[in-house]
Amino acid sequence: MSHALKSRTRVKICGITDPYDAQLAVTAGADAIGLVFYEPSPRSVTVAQAAEICSVIPAFVSVVALTVDASPELIQQITALPIDLLQFHGNESPEQCAAAGRPYMKAIRMKPGLDISSEIERFNGARSILLDAYRKGVPGGTGESFDWDLIPIEYRHRIVLAGGLTPANIADAVTQVKPYAVDVSGGVEVSAGKKDQVKVVEFIKGVQRADTALK
């Protein structure tokens, strides 16, 4: 996909924990919502909670299920839900990601010294690659950003940019990186797992302003 063909930057609001916040994100213009299936996370949901959230998502809004080195049993339960994409956020191999039998996105944390181009090529079966900040022992949701200049130009058209994005910096992020999509969780919250309506709206408006300026 050539970046020249990308009409706009897609937006995923991650860490949704209840139907109200899901509807809030959809109303604000989100293209996708993210559900976290990782118990140590304050944004974690059960399969039953996820089913309730999925029930309020309309057509053409994607539901993404985030997992971290999940068991095959949990993956099986998740894929029984009406989700559109799996997001692997742990140490999963390309073979493990593919074994789930569903379209997937692989998260790569920008660890110092990482050969990012090789990692992206290693997961060439992924629909997209999500790049997030690295903090030892924390698989994501750190609220920290990383040096966007480290992202190779030739891959930016398929990158989902995450890590420390907020309404204050999102326009700069889109303008500088020109990613396929952006992913936010903590940057639009009033508390962990609870979204702030004003921040969600301002975040999406920031993306839209940047897209308009790039045309």
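Positions within a chain are numbered from 1, following the residues in the order the chain's sequence is written. Where local features are concerned, this predicted model is filtered to residues with pLDDT of at least 70; where side-chain atom pairs are given and counted, the filter is 80 or more; whole-chain, interface and lining totals use all residues. Side-chain measures were taken over the full set of non-hydrogen atoms in the model, leaving aside hydrogen atoms and water.

Asker: I would appreciate a short explanation of the overall build of the protein in the present structure.
Answerer: Secondary structure elements are taken from DSSP: a helix is a run of H or I of four residues or more, a strand is a run of E of two residues or more, and numbering for both begins at the N terminus. Summing up its helical and strand segments, the protein has seven helices and 10 strands in all. A compact globule built from 215 residues would reach a C-alpha radius of gyration of about 17 Å, and the protein, at 16 Å, matches this within 12%. By its C-alpha atoms, the protein is 40 × 40 × 30 Å across when sized along the principal axes. The classification of residues rests on relative accessible area computed with a 1.4 Å probe and restricted to protein chains. Under 20% of the type maximum is buried, over 50% is exposed, and intermediate values are partly exposed. When the 215 residues of the protein are sorted by exposure, 49% land in the buried category. Considering only contacts within the protein whose residues lie at least 6 apart along the sequence, 51% involve residues at least 24 apart. Accessible surface computed for the protein: about 10000 Å², of which carbon and sulfur atoms make up 52%. Only four residue types enter the tally: Lys and Arg on the positive side, Asp and Glu on the negative side, with His and both chain ends excluded. Charge coordinates come from a single atom per side chain, which is NZ of Lys, CZ of Arg, CG of Asp or CD of Glu. Mean positive and mean negative side-chain charge positions of the protein (22 and 24 charges, respectively) differ by 4 Å. For the radius of gyration, the atoms used are the C-alpha atoms, and the globule rule reads 2.2 Å times the number of residues raised to 0.38. Throughout, a contact is declared for two residues whenever any of their heavy atoms are within 4.5 Å. Surface exposure here means Shrake-Rupley accessible area, sampled with a 1.4 Å probe, where a residue is shielded only by the protein chains that are shown.

Asker: Is there a simple way to think about the pattern of salt bridges in this case?
Answerer: If charged atoms from side chains of opposite charge come close, those side chains can pair. We count a salt bridge whenever a side-chain nitrogen from Lys or Arg sits within 4 Å of a carboxyl oxygen from Asp or Glu. Taken as a whole and judged by the stated rule, the model has eight salt bridges. Arg-8 serves as the salt-bridge partner of Asp-31, at 2.6 Å between the closest nitrogen and oxygen. Taken together, the positions of Asp-31 in the loop between helix 1 (19-28) and strand 2 (32-37) and Arg-8 in the segment before strand 1 (10-13) put the pair 23 residues apart, joining distant regions of the chain. The salt bridge involving Asp-183 is made with Lys-12; its shortest N-O contact spans 2.5 Å. In this pair, Asp-183 sits in strand 8 (residues 181-184) while Lys-12 sits in strand 1, placing the two residues 171 residues apart along the sequence.

Asker: Can you help me understand the packing of helix 6 (residues 170-177) against helix 7 (residues 197-214) in this one?
Answerer: Two measures define how a pair of helices packs: the angle their axes make with one another and the distance between the axes. As a rule, the C-alpha atoms of each element are fitted with a line to give its axis, helices using only the stretch in contact, and angles between N-to-C directions run from 0 to 180 degrees. Interhelical geometry of helix 6 versus helix 7 gives an angle of 35° and a closest axis separation of 8 Å. Helix-helix and strand crossings are classified by hand; for helix 6 and helix 7 the assignment is right-handed. Where helix 6 approaches helix 7, its residues Ile-170, Ala-171, Val-174 and Thr-175 are matched on the opposing element by Phe-203, Gly-206, Val-207, Ala-210, Asp-211 and Leu-214. Polar here means any residue outside two lists: the nonpolar Ala, Val, Leu, Ile, Met, Phe, Trp, Tyr, Cys and Pro, and the charged Asp, Glu, Lys and Arg; Gly therefore counts as polar. For the contact of helix 6 with helix 7, a count of residues per class yields seven nonpolar, two polar and one charged. By the definition used in this description, the sense in which the near helix is turned from the far one sets the handedness, with an anticlockwise turn below a right angle giving left-handed and a clockwise turn giving right-handed.

Asker: So what exactly am I meant to see when it comes to the sheet that holds strand 5 (residues 104-109) here?
Answerer: Backbone-to-backbone hydrogen bonds join strands into a sheet, with any given pair of strands oriented parallel or antiparallel. Only strands joined by at least two bridges in the DSSP assignment are considered to pair. Pairing is parallel around the closed barrel formed by eight strands, whose spatial order is 1-2-3-4-5-6-7-8. Neighbour-to-neighbour, the strand axes of the sheet open up by a mean angle of 25°, direction not taken into account. Note: strand 4 (residues 85-88) against strand 5, three bridges, orientation parallel. Counted as the bridge partner of Gln-87 is Met-105 from strand 5. Set on the sheet, helix 2 (residues 47-54) makes contact with strand 2 and strand 3 (62-67); between it and strand 2 the angle comes to about 170°. Docked against the sheet, helix 7 engages strand 1 and strand 8, running at close to 160° with respect to strand 1.

Asker: How should unusual backbone geometry be read in this particular structure?
Answerer: Phi at Phe-60 takes a positive value of approximately 75°, unusual for a residue other than glycine. Looking at the element boundaries, Phe-60 is found in the loop between helix 2 and strand 3.

Asker: I'm lost on the pairing of strand 2 in this one. Help?
Answerer: Taken residue by residue, a regular strand's side chains alternate between the two faces of the sheet. With respect to burial, strand 2 is a largely interior element, six of its six residues being buried. A two-sided burial pattern is seen for strand 2, the buried positions comprising Ala-32, Gly-34 and Val-36 on one face and Ile-33, Leu-35 and Phe-37 on the other. With two bridges connecting them, strand 1 and strand 2 associate as parallel partners. Each residue of the ladder has a partner; that of Lys-12, found in strand 2, is Ala-32. When the strands point away from the viewer and the path from the first strand over the helix to the second turns clockwise, the crossover is right-handed. Between the parallel pair strand 1 and strand 2, the chain is carried across by helix 1, and the sense of this crossover is right-handed. Here six bridges tie strand 2 to strand 3, and the two strands are oriented parallel to one another.

Asker: Explain helix 1 to me, please; I cannot follow it from the model alone.
Answerer: Given 3.6 residues to a turn, an α-helix orients residues that are three or four positions apart in the same direction. Burial in helix 1 covers these residues: Pro-19, Asp-21, Ala-22, Leu-24 and Ala-25. Buried residues along helix 1 sit in contact with strand 1, strand 2, helix 2, strand 10 (194-195) and helix 7. N or O atoms within 3.5 Å of each other form a polar contact, as long as, within protein, one can give a hydrogen and the other can take it, and as long as residues adjacent in sequence are counted only when both atoms are side-chain atoms. The backbone nitrogen of Tyr-20 has a side-chain oxygen 3.0 Å away, supplied by the residue at the start of helix 1, namely Asp-18. Phi turns positive, to about 110°, at Gly-29, one or two residues after helix 1.

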